[in-house]
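# Coordinate analysis (summary)
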Amino acid sequence: MFRISPTPLEIPALRATLADARAGACVTFEGWVRDHNEGQAVQSLEYEAYVPLAEAEGERILAEARARFGVLGAVAAHRVGHLALGDLAVWVGVTAAHRAAAFDACRYIIDEAKARLPIWKKEHYASGTTAWINCATRGGPAAEQPRG
Amino acid sequence: MHELTIEYFALLREQRGQATERLQTAAATPAALYAELQARHGFTLPGDRVRAAINGAFAASDAPLRSGDLVVFIPPVAGG
C-alpha cells in the first residue's frame, strides 16, 4: 500500500498494517521537515503530488522491493499540503524474516520514491522567498539534477 | 487538430496561473505540445527537464497524442 495523504500520517495505523507472525524484523523510515537546505533557513514546506500516478508508481516501487529483497510486507505514505518544521513528510515500513533484507528494502523504497514519484516540494525561507526544489532552470537535464 | 486536457503541477501550475485547461492543438507528441505551451506561457523549465504522462502513465516525449488524452507535464521531482 502506497498512499498520498493530505492529512497527518498516523504511524500506529500504518505500522499495524505490517503485522505478520513470520516477521522477525521491522525497519521503518521517517522523513521530517528540517529547518535548512543548501545554506538557507527553511520555515515550512509545501508538498504537491500528481496523486494517481504517484500512488501507482509508489505501488510499483513496493512491488519491486518485495521481489528484489524477499521481504514480507512493505507500506509507505507521503504527505501533501503545507507542513511545519518537524512534521512527518514520509513514512516507510518494511517487514522481513531477518533484519538485513528489511534494512535494504527500506533504503531502496525511500531512494526510489525520492527519484521517481511525481511529488514536488516548495521551500518557504526565513528570508520570505520560496523555491520549488530541483526546478531551477540552470544546470543539466532532469536526470542529472541532485535529488531533494 | 485534436482536443486535449492538460493538468499542471508545482512550478508549471504557478507559471500557467491555473491547474487545468482544455486545448485544441496540432501538436502530435508531448515534446511538441510542451514547446507550444512554453512559447505561449513562458515556462522557464526546458523541455528536456520535463517528463510527460498521458492518461495517468509515464509516456515518452515522442509518444503519439490522441484526441481526449489527459496530458501532465512533470517538473523535476523532489519527494521525501
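Refer to the structure presented above.
Calculation notes
Residues numbered from 1 in each chain as written. Chains lettered and ligands numbered in written order. Predicted model: local features only at pLDDT ≥ 70, side-chain atom pairs only at ≥ 80, totals over all residues. Heavy atoms only, no water. Helix = DSSP H or I, 4+ residues; strand = E, 2+ residues; numbered from the N terminus. Rg over C-alpha atoms; globule rule 2.2 N^0.38 Å. Buried < 20%, exposed > 50% of the residue type's maximum accessible area, 1.4 Å probe, protein only. Expected span 1.5 Å × (residues − 1). Contact = heavy atoms within 4.5 Å. Axes fitted to C-alpha atoms, helices over the stretch in contact; angles between N-to-C directions. Parallel < 35°, antiparallel > 145°, perpendicular 65-115°, else oblique. Left-handed = near helix turned anticlockwise from the far one by under 90°. Nonpolar A, V, L, I, M, F, W, Y, C, P; charged D, E, K, R; others polar. Phe/Tyr/Trp six-rings, centres within 6.5 Å; stacked < 30°, edge-to-face > 60°. Lys NZ or Arg CZ within 6 Å of the ring centre and 35° of its normal. Pairing = 2+ DSSP bridges. Buried area = accessible area lost by both parts, 1.4 Å probe. Salt bridge = Lys/Arg side-chain N within 4 Å of Asp/Glu carboxyl O. Polar contact = N/O pair within 3.5 Å; in protein donor to acceptor, adjacent residues only side chain to side chain.

The next thing to look at is the overall build of chain A. Counting secondary structure elements, chain A contains three helices and nine strands. In terms of overall size, chain A behaves like a compact globule, its C-alpha atoms giving a radius of gyration of 16 Å where 148 residues would be expected to give roughly 15 Å. Dimensions of chain A, computed from C-alpha atoms along their principal axes, come out at roughly 50 × 30 × 30 Å. By residue count, 46% of the 148 residues in chain A fall in the buried class.

Its 18 residues give helix H3 (residues 99-116) of chain A an end-to-end C-alpha distance of 26 Å, which sits within 8% of 26 Å, the value for a rise of 1.5 Å per residue. Along H3(A), the residues that are buried comprise A:Ala101, A:Ala102, A:Ala105, A:Cys106, A:Tyr108, A:Ile109, A:Ile110, A:Ala113 and A:Arg116. Buried residues belonging to H3(A) abut strand S2 (25-32), helix H2 (51-69), strand S5 (73-79) and strand S7 (88-96) of chain A together with strand S4 (57-59) of chain B.

Moving on, we get to the packing of H2(A) against H3(A). Residues and elements named next belong to chain A. Two elements in contact, H2 and H3, have axes separated by 9 Å at closest approach and are oriented at 150 degrees. When the axes of H2 and H3 are compared, the pair comes out roughly antiparallel. The interaxial crossing formed by H2 with H3 has right-handed handedness. On H3, the residues touching Glu-57, Arg-60, Ile-61, Leu-62, Glu-64, Ala-65, Arg-68 and Phe-69 of H2 are Ala-101, Asp-104, Ala-105, Tyr-108, Ile-109, Glu-112, Ala-113 and Arg-116. Partitioned by chemical class, the residues of the contact of H2 with H3 number nine nonpolar, no polar and seven charged.

Moving on, we get to the packing of aromatic side chains. Residue and element names in this part refer to chain B. All chains considered together, the criterion is met by six aromatic pairs over all chains. Members of the aromatic cluster, joined through ring pairs, are Tyr-8, Tyr-34, Phe-43 and Phe-73. Looking at Arg-51, its charged tip hangs above the ring of Phe-58, at a distance of 3.9 Å from the centre.

Residue and element names in this part refer to chain B. Overall, mixed pairing links the five strands, which are arranged S2-S1-S5-S3-S4 in an open sheet. Whereas interior strands pair on both sides, the edge strands pair on one side only; in this sheet they are strand S2 (20-25) and S4. Across the sheet, the axes of successive neighbouring strands diverge by a mean angle of 35 degrees, strand direction being ignored. Where strand S1 (residues 2-7) and S2 come together, six bridges link them in antiparallel fashion. What sits directly across from Ile-6, in S2, is Glu-21.

To continue, consider the interface of chain B and chain A. Chain B puts 24 residues into the contact, and the matching count from chain A is 29 residues. Together chain B and chain A conceal approximately 2,300 Å² of surface at their shared face, both sides included; 59% is due to carbon and sulfur atoms. Three residues, B:Arg49, B:Val77 and B:Gly80, lead the burial of chain B against chain A; their summed loss comes to 30% of the area buried on that side. For the pair chain B and chain A, the number of links is two salt bridges. A:Lys122 serves as the salt-bridge partner of B:Glu14, at 2.6 Å between the closest nitrogen and oxygen. Where chain B packs against chain A, one counts 11 residue pairs in polar contact (both at pLDDT 80 or more). Put simply, the parts of the chain that give the side of chain B that touches chain A at least two residues each are helix H1 (10-16), S4 and strand S5 (70-74) of chain B. Counting residues per element, the side of chain B that touches chain A draws most heavily on H1(B), which supplies four residues. Partitioning the side of chain B that touches chain A into residue classes produces 15 nonpolar, four polar and five charged.

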